[in-house]
Amino acid sequence: MSILIKNIKELLQIRDNTILKVVGQDMKILPSLKNAYLLIEDDTIVDYGKMEDCHNIKASKTIDATGKIVLPTWCDSHTHIVYAGNREQEFVDRINGLSYEEIANRGGGILNSAEVLQNTSEEALYQQSIKRIEQVMQMGTGALEIKSGYGLSTEAELKMLRIIKRIKQNFPLKIKATFLGAHALPKAYKNNKRGYLDLIIHEMLPQIAKENLADYVDVFCEKGYFSLDDTAKILEASKAFHLRAKIHVNQFNAFGGIALAVKHNALSVDHLEELHQEDIDALKGSNTMPVALPSCSYFLSIPYTPGRRIIDAGLPLALASDYNPGSTPSGNMNFVVSTACIKMKLTPEEAINAATINGAYAMGISNLYGSITKGKKANIIITKKVPSYNFLPYAFGENHIDQVIINGQCL
Ligand code: NIG
Ligand code: FE
């Protein structure tokens, strides 16, 4: 099966296969081709070029993209999309004046979601989750990282990870699974942190590795959750199972978690709403991708990650949704890109780089995803007719997507 997309108004994010991330000032550049064609063969991008060079190309299907923009699908490197129920009551409680922290301290928050998930059957949880998977694919997400972390018992963490595996098998989008047993201290271990760390390290991790259920490991490194010491223990133990870290850090407090993550060669550090100069310095010269989650800041009314400072310091930046029931009940990457421009003052070029190639890097897949590159996977967004790509983040909240192709399949 081959697909020829022709008369493309502008084909964005054209890279050669040596580019795995874009850093600092280079993020301002979004290489593109006007009046272009793109050729897909099965699940792979095989060719592209100027329309005037598009001679004698035969394809089983042709799409006319006159007036439309074509770009790679979003690579959403941080989600908790597998969850049970919702937390709309806590949303109302926050409107009425309670803070996220106060709600958590009353047994709400992550523990609330964990209780609901433990009481939801594997089949029901799968059905609830795939509805959201279908939604985000329609909104242009072609690669997705999914975390566990609403189980908080060996059985329920395994249940979540098996569902992620099932999603991997049944959907065309690329999935990476992250084990987040250290998301919160479960009720049963309220006064026994050491006991829960032992459970994670000696029971959960070996079992998950045995069943090959996770690609990465995550820890919520935050006051009242997991300390630097706790985080170090988990990252250390994960090394034996070849699980690289992607960690929740600096969401509410900055206390050295980024330097620790970099020391452990983390693939990404995510959130960073609170950021000190030491954190920026720690990231310099590292292989660790800073990831901002602007929809979370929007929903919780907390500071936005200082993306400008990060990029202006010569660092890369990725954008992700954080889709979860508590802090970000939305997986809309189009909104993430808009919000990064509007609130974090990223240029459209920077935001698109952050949500495609750098998002792919933050999930360890930028060799095959995140750009228009011969040999990469055919994951493509075709927009509606728009005046320019600046219009996509500018006209926020509107659906600009006409068609999505994932792994060579038209949705
Ligand atoms: O990334 N901060 C930790 N985890 C999630 C929120 C979890 C929840 O409230 O359910 C986040 O924001
Ligand atoms: Fe998160």
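Small disclaimer: the values here were computed from a predicted structure and weren't measured.

### Thoughts on the nonpolar core
Now for step 1: If you look at the biggest cluster of nonpolar residues, it comprises 126 residues, and the most contacted ones within it are Leu38, Val70, Leu319, Ala340 and Ala355.
Now for step 2: Examining the composition of this core, we find that seven residues originate from one element, helix 6 (residues 193–210), more than from any other.
Now for step 3: When we break this core down by domain, the ones giving at least three residues each are domain 1 (2–72 + 370–410) and domain 2 (75–361).
Now for step 4: In contact with Ala355, not counting residues within four places along its chain, are Trp74, Cys75, Leu319, Met333, Val336 and Val337.

### Section: the environment of Leu4
Now for step 1: Of note, Leu4 is situated in strand 1 (residues 2–12).
Now for step 2: In this structure Leu4 comes out as partly exposed when scored by C-beta crowding, with 18 C-beta atoms within 10 Å.
Now for step 3: For Leu4 and Ala59, which are 55 residues apart along the polypeptide, the C-alpha to C-alpha distance reads 5.8 Å.

### Some points on the packing of helix 6 against helix 7 (residues 228–239)
Now for step 1: Direction vectors running N to C along helix 6 and helix 7 enclose 15 degrees, while the axes themselves pass 10 Å from each other. The pairing of helix 6 with helix 7 is recorded here as roughly parallel in orientation. Taken as a pair, helix 6 and helix 7 cross one another with a handedness that is right-handed. Taken together, the residues of helix 7 that come into contact with helix 6 (itself represented by Leu197, Ile200, Ile201 and Leu205) are Asp230, Lys233, Ile234, Ala237 and Ser238.

### Notes on helix 6
Now for step 1: With 18 residues, helix 6 extends 25 Å from end C-alpha to end C-alpha; this agrees with the ideal 26 Å at 1.5 Å per step.
Now for step 2: Most pronounced at Met204, the bend in helix 6 amounts to some 35 degrees, and the proline Pro206 follows within four residues.
Now for step 3: What helix 6 keeps buried is the set Tyr196, Leu197, Leu199, Ile200, Met204, Leu205 and Ile208.
Now for step 4: Packing partners of the buried residues in helix 6 comprise helix 5 (154–170), strand 8 (174–182) and helix 7.
Now for step 5: Just past helix 6, the residue Asn212 takes up positive phi, approximately 55 degrees.

### Some remarks on the environment of Phe391
Now for step 1: By the element assignment, Phe391 lies in helix 15 (residues 391–394).
Now for step 2: The class for Phe391 is partly exposed, based on 16 C-beta atoms found within 10 Å.

### Regarding the domain arrangement of the protein chain
Accessible area lost when the parts come together is the quantity often used to give the size of an interface.
Now for step 1: By the assigned domains, the protein chain splits into domain 1 (2–72 + 370–410) and domain 2 (75–361).
Now for step 2: A C-alpha centroid distance of 29 Å is found between domain 1 and domain 2.
Now for step 3: Counting residues at the interface gives 29 residues for domain 1 and 34 residues for domain 2.
Now for step 4: Per-element accounting of the side of domain 1 that touches domain 2 gives the leading share, three residues, to strand 15 (residues 401–406).
Now for step 5: Classifying every residue of the side of domain 1 that touches domain 2 gives 17 nonpolar, nine polar and three charged.

### Here's the deal with the site of ligand 1
Now for step 1: All residues adjacent to ligand 1 are Gly109, Ile110, Ser113, Phe220, His248, Gln251, Cys296, Asp322, Asn324, Pro325, Gly326 and Ser327.
Now for step 2: Residue composition of the shell around ligand 1, grouped by class: four nonpolar, seven polar and one charged.

Conventions we followed
- Residues numbered from 1 in each chain as written.
- Chains lettered and ligands numbered in written order.
- Predicted model: local features only at pLDDT ≥ 70, side-chain atom pairs only at ≥ 80, totals over all residues.
- Core = buried A, V, L, I, M, F, W, Y, C linked by C-beta atoms within 7 Å.
- Buried ≥ 20, exposed ≤ 12 C-beta atoms within 10 Å, placed from the backbone.
- Helix = DSSP H or I, 4+ residues; strand = E, 2+ residues; numbered from the N terminus.
- Domains from an automatic or database assignment.
- Contact = placed C-beta atoms within 7 Å.
- Axes fitted to C-alpha atoms, helices over the stretch in contact; angles between N-to-C directions.
- Parallel < 35°, antiparallel > 145°, perpendicular 65-115°, else oblique.
- Left-handed = near helix turned anticlockwise from the far one by under 90°.
- Expected span 1.5 Å × (residues − 1).
- Bend = angle between axes of the 7 residues up to and from the residue.
- Nonpolar A, V, L, I, M, F, W, Y, C, P; charged D, E, K, R; others polar.
- Near = placed C-beta within 6 Å.

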